[in-house]
Amino acid sequence: GQAAACREGLRRLQERRAVADQEESEWRAQFLEHLAQEDRIEQLGQRRRQALLVEHRREAERLAAERRRREEDERRREEHELAWQQHEQEESARIIDGERRRLLAEHQQVVHEMYDLLACGARAPLCNTWLSTPAKYTDELAVVAY
């Protein structure tokens, strides 16, 4: 249940990363085309055109690296958040299980005590005395019995 949800969240992060890589590639091509149009590279001499293309590629790579860094930071933050949520869910389940076990043990003890009280008359004369004792002495006997 909860672990599957965390795995699903990580799977979605990986899918988003693949989509982001594809988008980055498309963005880079569009960016280079845009810069080429701005500088009218076709009209420049061969040497100047090559220098501008190298400059454009460097700028595109710098901007792409910056985007990757931001996206990686975001991915890490989301993974950390998912891991924290999973930890919290596991801790909550552990506490709930411990409380459930404690309540079951307490319930079992009460059931045994009730069984002993109900079966008391058939097993021991002391119990018969206790059951026939007037109410004002019952509390004293109960304290002695426990």
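Residues numbered from 1 in each chain as written. Predicted model: local features only at pLDDT ≥ 70, side-chain atom pairs only at ≥ 80, totals over all residues. Heavy atoms only, no water.

What follows deals with the overall build of the protein. If you tally the helices and strands in the protein, you get four helices and zero strands. Ordered by position from the N terminus, the helices and strands of the protein form the series α-α-α-α. For the protein, the proportion of contacts with a sequence separation of at least 24, taken over those separated by at least 6, is 61%. Of the roughly 11,800 Å² of accessible surface on the protein, 55% is carried by carbon and sulfur atoms. (Helix = DSSP H or I, 4+ residues; strand = E, 2+ residues; numbered from the N terminus. Contact = heavy atoms within 4.5 Å. Areas by Shrake-Rupley, 256 points an atom, 1.4 Å probe, with all protein chains shown as cover.)

Moving on: the pattern of salt bridges. Under the defined criterion, the tally for this structure stands at 23 salt bridges. Note that aspartate 73 is salt-bridged to arginine 69, the shortest N-O span being 3.2 Å. Within this pair, aspartate 73 and its partner arginine 69 are both found in helix H2 (residues 46–123), separated by four residues, close to a single helical turn. Accessibility expressed as a relative area gives 35% for aspartate 73, which makes it partly exposed. For arginine 69, a relative accessible area of 47% corresponds to the partly exposed category. Two residues, arginine 94 and glutamate 91, come together in a salt bridge whose shortest N-O distance is 2.5 Å. Linking arginine 94 with glutamate 91, this pair stays in helix H2, spanning three residues, or about one helical turn. Accessibility expressed as a relative area gives 29% for glutamate 91, which makes it partly exposed. (Salt bridge = Lys/Arg side-chain N within 4 Å of Asp/Glu carboxyl O. Buried < 20%, exposed > 50% of the residue type's maximum accessible area, 1.4 Å probe, protein only.)

Tracing the chain through its elements places serine 25 in helix H1 (residues 2–39). We classify serine 25 as partly exposed; its relative accessible area is 44%. For serine 25 and alanine 64, which are 39 residues apart along the polypeptide, the C-alpha to C-alpha distance reads 8.9 Å.

For the coordinates displayed, the defined rule picks out one aromatic pair. Judged by centre distance (5.2 Å) and plane angle (15°), the ring pair of tryptophan 27 and phenylalanine 31 falls under stacked. Here tryptophan 27 and its partner phenylalanine 31 are both found in helix H1, four residues apart, which amounts to about one turn of the helix. By relative accessible area, which is 16% here, phenylalanine 31 ends up buried. One Lys or Arg, arginine 67, reaches over the ring of tryptophan 27 and ends 4.9 Å from the middle of that ring. (Phe/Tyr/Trp six-rings, centres within 6.5 Å; stacked < 30°, edge-to-face > 60°. Lys NZ or Arg CZ within 6 Å of the ring centre and 35° of its normal.)

For the rest of this paragraph, the subject is the side chain of arginine 67. Among the secondary structure elements, arginine 67 is positioned in helix H2. Despite being buried, arginine 67 has no salt bridge partner; glutamate 71 is the closest side chain of opposite charge, sitting 4.1 Å away. Setting aside its immediate chain neighbours within four residues, arginine 67 contacts Glu24 and Trp27. (Lys, Arg positive; Asp, Glu negative; His and termini not counted.)

Regions with low pLDDT carry predicted coordinates that are not meant to be interpreted in detail. On average, residues of the protein score 80 in pLDDT, and 78% of them are at 70 or above. For the protein, helix H4 (residues 135–145) is the element with the lowest average pLDDT, namely 48, and H2 is the one with the highest, namely 90. Counted against residues more than four places away or in other chains, residues 140–146, with its pLDDT under 50, gives three contacts. (pLDDT = per-residue confidence, 0-100.)

Where like charges cluster on the molecular surface, the negative patch consists of Asp21, Glu23, Glu26 and Glu71. Owing to a relative accessible area of 43%, aspartate 21 belongs among the partly exposed residues under this scheme. (Patch = residues over 30% accessible without salt bridge, like charges linked within 9 Å, V, L, I, M, F, W, Y side chains within 5 Å. Charge placed at Lys NZ, Arg CZ, Asp CG, Glu CD.)

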